[in-house]
Amino acid sequence: MAGYIQVITGSMFSGKSQELSRLIERALIAQLSVAVFYPRLASRGSARDIEKRLQGLNGTLQIFGVPAENAQSMLAMITSAIDVVAIDEAQFFTQELVAVVKRLRHDGKRVFVAGLDLDYQENPFGCMGDLMCLADNIVKVHAVCTGCRTADAVISFRLTHESDRVVVGENHYTALCVSCYDHAR
Ligand SMILES: [Zn+2]
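Residues numbered from 1 in each chain as written. Predicted model: local features only at pLDDT ≥ 70, side-chain atom pairs only at ≥ 80, totals over all residues. Heavy atoms only, no water.

(A) Here's a closer look at the pattern of salt bridges. Per the counting criterion, the structure on display carries six salt bridges. Asp-136 is paired through a salt bridge with Arg-105; the nearest N and O atoms lie 2.9 Å apart. Separated by 31 residues along the polypeptide, Asp-136 in the loop between helix 4 (128–134) and strand 6 (137–141) and Arg-105 in helix 3 (residues 96–106) bring together distant segments of the chain. A salt bridge links Lys-140 to Asp-117; the nearest nitrogen and oxygen atoms lie 2.9 Å apart. Here Lys-140 is found in strand 6, whereas its partner Asp-117 is found in the loop between strand 5 (110–116) and helix 4, with 23 residues between them in sequence. Accessibility expressed as a relative area gives 9% for Asp-117, which makes it buried. (Salt bridge = Lys/Arg side-chain N within 4 Å of Asp/Glu carboxyl O. Helix = DSSP H or I, 4+ residues; strand = E, 2+ residues; numbered from the N terminus. Buried < 20%, exposed > 50% of the residue type's maximum accessible area, 1.4 Å probe, protein only.)

So this is what it looks like as structure tokens:
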């Protein structure tokens, strides 16, 4: 069977992980075997939420944290018995993830990839852009802007003053639309 790549993307608080969980749940109901991966860097993030959300579901579900700079290490854990590979917080992985996802599609896996499209400065995040090019299907989800509470949020605005690209923690961010972002920065 041919493989398939689905990308789920959007800002923080947009429901990416919920959408990923929904897809995983469907796969488990269909009695498929699912492996979920998240970068260890983000181990305090939504991958743990996913774990909580998925607890108690029947089916074959394994969850692995792998080093963000070593996406290749996933391949050793993905046996022929695995039908579905779900990758959360994909923006934190290096470019290596692109080759891994390509390889999985050739191997006939259904691959669900969830990650931020943009960093806190409105720049494409990690290899998410490349993954969207490769994808058979892309779902963009949106939070409601916490500024105007009307428009769709586009940017994960950083509320704190760190300048590192990666600062993990939902309490450091809020989701804003473009106009509110322009007013806030
Ligand atoms: Zn707004």
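(B) Structural context of the coordination of the zinc ion. Here the zinc ion is held by Cys-145 (SG), Cys-148 (SG), Cys-177 (SG) and Cys-180 (SG), and the distances to it run 2.3 Å. Of note is the zinc ion, whose four donor atoms meet at the metal with angles of 101 to 116° in an arrangement that counts as tetrahedral. Positions of the donor residues of the zinc ion, expressed as sequence spacing, correspond to C-x2-C-x28-C-x2-C. Of the two residues, Cys-148 is situated in the loop between strand 6 and strand 7 (155–158) and Cys-180 in helix 5 (residues 178–184); the sequence distance between them amounts to 32 residues. Here Cys-148 falls in the partly exposed class, since its relative accessible area comes to 33%. Judged by its relative accessible area of 16%, Cys-180 is buried. (Donors = N, O, S within 2.8 Å, 3.2 Å for Na, K, Ca; no water. Tetrahedral: all angles 85-135°; square planar, octahedral: opposite > 155°, others 65-115°.)

(C) Spotlight on the pairing of strand 5. With six of seven residues buried, strand 5 is to be regarded as a mostly interior element. Sheet analysis places strand 4 (residues 84–87) next to strand 5, joined by four bridges and oriented parallel. Counted as the bridge partner of Ala-86 is Phe-112 from strand 5. (Pairing = 2+ DSSP bridges.)

(D) Just the environment of Asp-152, in detail. On the secondary structure map, Asp-152 appears in the loop between strand 6 and strand 7. On the basis of relative accessible area, Asp-152 is assigned to the partly exposed category, the value being 45%. As a C-alpha pair, Asp-152 and Ala-175 span 23 residues in sequence and 8.8 Å in three-dimensional space. Setting aside residues up to four positions removed in sequence, Asp-152 forms contacts with His-142, Ala-143, Cys-145 and Cys-177. (Contact = heavy atoms within 4.5 Å.)

(E) Structural view of the packing of aromatic side chains. As enumerated under the stated definition, the model contains three aromatic pairs in all. Aromatic side chains Phe-37 and Phe-64 sit 5.0 Å apart centroid to centroid with 20° between the ring planes, which places their arrangement in the stacked category. Placement of Phe-37 in strand 2 (residues 33–39) and of Phe-64 in strand 3 (residues 60–66) is noted, with a sequence separation of 27 residues between them. Exposure remark for Phe-64: the relative accessible area of 18% places this residue in the buried category. Arranged with centres 6.1 Å apart and planes meeting at 80°, the rings of Phe-157 and Tyr-181 form a pair that is edge-to-face. Highlighted residues: Phe-157 in strand 7 and Tyr-181 in helix 5, separated in sequence by 24 residues. Owing to a relative accessible area of 5%, Tyr-181 belongs among the buried residues under this scheme. (Phe/Tyr/Trp six-rings, centres within 6.5 Å; stacked < 30°, edge-to-face > 60°.)

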